[in-house]
Amino acid sequence: MVATLDEAGKVRADFYGGDSNNSEVERWAKEAVTFVYLPPLRDAAADLRPGRDNRLVSLLSTLAPEGSGDRAAIEAIAKTANDDLGKVDSITEARSRIQQRLHDMVGGEAYSQLSSLAFADPRFERIVASIRALAGSTAPLELTENGLGYNNLLYMSVLLAALEKRSDAALRVLLVEEPEAHLHPQLQDLLVRYLESSGDTSTQVIVTSHSPNLASSASVERVTVMIKSPKTVESVGRTPADFGLNAKQLAHLRRFLDVTKASLLFAKGVILVEGVAEQLVLPLLADRVGHSLPESGVTVLNVGGVAFQPFLKLFGTDALPYRCAVISDGDPPESPSDDDEEPSTTPAGGSVETSDGEDSDAAGEEKAEEETQELSAVARNLLAWKGDAITIELADKTFEWDLALAGNWEPMLDALHPIKPRVSKRLRKELADSSDERRADKILAAVKDCKGRFAQELAEVISDRAVAFEVPAYIRRAIEFSASRPSKVSE
């Protein structure tokens, strides 16, 4: 099948199969594939309600085919039940009274019909159509008395059981939209794992979802992301299995695509950070520079260290076609300095003064090269990933150090006060006349053992718009890159 979007945004599907080279598929090819489709917001209780459309009918009809002993046994049980019912005095009396009043209503024999009371017509089709599906945590209940989520699980169980028994089809497909409806996260996880295990050479399960829970539970190589390319009007389907990740990197993604990180599959842009401190504070910094990350569709993901590479392979023109910014530490090696002198550190990318104006550009290039060489090996390797879809923004040292260097030392001491009041008070006096570099050094040393809690307190301080707070240039660039969208080009 080939599906395309027309100019009105509607899906057009062409089917190809059999021995022909056109979309007129032979009947035998159509019959080789059978599928069941579960739409979103389905009413499982209604589809399992007694009646001709009861999904149990097809399952039981397959399990008890024409001429089988089971079919005859079911009919015999129903006939015996009706016979026994007719021997009960209250049933006999009720049937007689109903018949008499019906006879009187129609004026005698001319229009009279026979009435009776019975469990069901003792024919197989009528019997199975009246069977009810029951489910419950302590005892089987009517579906109307049960939870909507578990009713959907029961419904899918019936459909999968029915598909399994259709041995005449070469391929059996179950199509499910949004199976997460009304299911708590643990059941979502178990459901996806079961559906994955249900597929084999003759049965395929295809699930569409907006749930990070489901996306994180499925094997990463089985996930396909449907997304509209930012540069074109075309929708594309991309799977991480085709992104060139090796077995070790795929295994890394399987372990780390938990619910939070799986949200990158549904985003419009992504910012990858090293730890929880950046993850907590970054959305507030984005607000300060005029970008709401939720409104921009940007997700901030904490990779728990510097293992960015498996995530970076997810982005690109032929991968997930939206922008990814990495915010990481430059971590330059500490240079020896005189204890009596304040550290002198030139920020990365800063200007260099020279005595000869004609040599200033050359001196700047030489300084930038020296600073790149001074970066940690991790930081240097990250820079190699920079391109159209990925930007790498590095702190001069670390996240907290650079925030303080930007002139934010006083609000940062305010954030430190609830955690270390005496240290905060002492540093406020001690650093009053110090350089920004010394202030940054001291604040970093003070928060090294409490970065998570400090980030919480700092986020509270920054959320007060009355407090002045300067966003470092490298963070500003990362936010603006991830929140911007390339211009669309019609193909």
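Up top is the structure.
Not measured: the values here are computed from a predicted model.

J.: Explain the overall build of the protein chain to me, please; I cannot follow it from the model alone.
T.: From N to C terminus, the protein chain includes 21 helices and 13 strands. For the protein chain, with 491 residues in total, the buried portion stands at 40%. Excluding contacts between residues fewer than 6 apart, the proportion of contacts in the protein chain whose partners are at least 24 apart in sequence is 71%. Accessible area for the protein chain stands at about 28200 Å²; split by element, carbon and sulfur atoms hold 51% of it.

J.: Is there a simple way to think about unusual backbone geometry in this case?
T.: When glycine is set aside, most residues are seen to have a negative phi, and most peptide bonds are trans. Here the phi dihedral of Glu178 falls at roughly 50°; this positive angle occurs in a residue that is not glycine. Secondary-structure assignment places Glu178 in the loop between strand S6 (171–177) and helix H8 (185–198).

J.: Looking at this structure, how should I read the pattern of salt bridges?
T.: Any two side chains of opposite charge can pair if their charged atoms end up close together. Throughout the structure, instances matching the rule amount to 13 salt bridges. Among the salt bridges present, the one from Glu66 reaches Arg71, with a minimum N-O distance of 3.3 Å. For Glu66, a relative accessible area of 65% corresponds to the exposed category. In this structure, the salt-bridge partner of Arg439 is Asp436, at a minimum N-O distance of 3.3 Å.

J.: What should I look at first to understand the sheet that holds strand S7 (residues 203–208) in this one?
T.: Strands belonging to one sheet form pairs held by backbone hydrogen bonds; the direction of such a pair is parallel or antiparallel. Reading across from one edge, S3-S6-S7 is the order of the three strands in this open sheet, with parallel pairing throughout. Each edge of the sheet is formed by a strand with only one pairing partner; in this case those strands are strand S3 (33–38) and S7. Each adjacent strand pair in this sheet contributes to an overall mean axis angle of 15°, direction not counted. In this structure, S3 lies alongside S6, joined through six bridges in parallel fashion. Its bridge partner lying in S6, Tyr37 is registered against Leu175.

J.: Would you mind going over the packing of helix H17 (residues 399–416) against helix H19 (residues 436–447) with me for this structure?
T.: Helix-helix packing is characterised by the crossing angle of the two axes and by the distance between the axes. One can describe the packing of H17 onto H19 by two numbers: an axis separation of 8 Å at closest approach and a directional angle of 55°. By the angle between their directions, the pair H17 and H19 is classed as oblique. Two packed elements cross with a definite hand, and for H17 against H19 that hand is left-handed. Residue-level inspection shows Glu400, Trp401, Ala404, Leu405, Trp409, Met412, Leu413 and Leu416 of H17 in contact with H19, the latter providing Asp436, Glu437, Arg439, Ala440, Asp441, Ile443, Leu444, Ala446 and Val447.

J.: Quick question: what am I supposed to make of the packing of H17 against helix H18 (residues 421–430) here?
T.: For the pair H17 and H18, interaxial distance at closest approach is 8 Å and the crossing angle is 160°. Classed by the angle they form, the pair H17 and H18 counts as roughly antiparallel. Handedness of the H17/H18 crossing: left-handed. Along its contact with H17, which presents Trp409, Glu410, Leu413, Asp414 and Leu416, the element H18 presents Pro421, Val423, Ser424, Leu427 and Arg428. Of the residues contributing to the contact of H17 with H18, the split by class is six nonpolar, one polar and three charged.

Basis of the calculations
Residues numbered from 1 in each chain as written. Predicted model: local features only at pLDDT ≥ 70, side-chain atom pairs only at ≥ 80, totals over all residues. Heavy atoms only, no water. Helix = DSSP H or I, 4+ residues; strand = E, 2+ residues; numbered from the N terminus. Buried < 20%, exposed > 50% of the residue type's maximum accessible area, 1.4 Å probe, protein only. Contact = heavy atoms within 4.5 Å. Areas by Shrake-Rupley, 256 points an atom, 1.4 Å probe, with all protein chains shown as cover. Salt bridge = Lys/Arg side-chain N within 4 Å of Asp/Glu carboxyl O. Pairing = 2+ DSSP bridges. Axes fitted to C-alpha atoms, helices over the stretch in contact; angles between N-to-C directions. Parallel < 35°, antiparallel > 145°, perpendicular 65-115°, else oblique. Left-handed = near helix turned anticlockwise from the far one by under 90°. Nonpolar A, V, L, I, M, F, W, Y, C, P; charged D, E, K, R; others polar.

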